[in-house]
Amino acid sequence: QVQRVESGGGLVQTGGSLRLSCAASGRTFSSATMAWFRQAPGKEREFVASINWSGASTYYADSVKGRFIISRDNATNTVSLQMNSLKPDATAVYSCHSAPPTSAAWGRGTQVPVSS
């Protein structure tokens, strides 16, 4: 089995901060590039941020650069997303997955509503 369970979502006001976590299982986590994606209602899923196997290299979508920080802890098979200066356009369901995504199933994600 492979599992990715997202948590940490919840209502946050504009300008606030939130930290999301993704707990993964499986033997490949420590050697895999991981990423956060998000999908707003009625929109396509989009890339947010990624981090390589060691955590030394990160990449961010233009929309979140300077405000979001991705990190990982291979000892606990966890990838996190620190979200700062949140705006209403960040409202979405956030999910973690390998990058680029494989055929493996997506998890349920965690919902982040950002109020004005």
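Residues numbered from 1 in each chain as written. Predicted model: local features only at pLDDT ≥ 70, side-chain atom pairs only at ≥ 80, totals over all residues. Heavy atoms only, no water.

K.L.:
Could you clarify how one ought to interpret the overall build of the protein chain in this entry?
P.N.:
Counting secondary structure elements, the protein chain contains zero helices and 11 strands. Ordering the α and β elements of the protein chain from the N terminus gives β-β-β-β-β-β-β-β-β-β-β. The globule rule puts the C-alpha radius of gyration for 116 residues at 13 Å, and the 13 Å found for the protein chain is close to it. In terms of overall dimensions, the protein chain has a C-alpha envelope of 40 × 25 × 20 Å along the principal axes. Buried residues in the protein chain amount to 40% of all 116 residues. Sequence-distant contacts, at least 24 apart, represent 53% of the contacts inside the protein chain between residues at least 6 apart. For the protein chain, the accessible surface area stands at approximately 6400 Å², while carbon and sulfur atoms represent 50% of it. (Helix = DSSP H or I, 4+ residues; strand = E, 2+ residues; numbered from the N terminus. Rg over C-alpha atoms; globule rule 2.2 N^0.38 Å. Buried < 20%, exposed > 50% of the residue type's maximum accessible area, 1.4 Å probe, protein only. Contact = heavy atoms within 4.5 Å. Areas by Shrake-Rupley, 256 points an atom, 1.4 Å probe, with all protein chains shown as cover.)

K.L.:
Explanation requested: the state of the cysteines in the structure shown.
P.N.:
Throughout this description, disulfide means a covalent bond between two cysteine sulfur atoms. Scanning the entire structure with this criterion turns up one disulfide. Each sulfur of the disulfide joining Cys22 and Cys96 lies 1.8 Å from the other. Torsion about the S-S bond of the Cys22 and Cys96 cystine: about 55 degrees, corresponding to right-handed handedness. Remark: Cys96 occurs in strand 9 (residues 92-98) and Cys22 occurs in strand 3 (residues 18-25); sequence separation between them is 74 residues. (Disulfide = S-S within 2.5 Å.)

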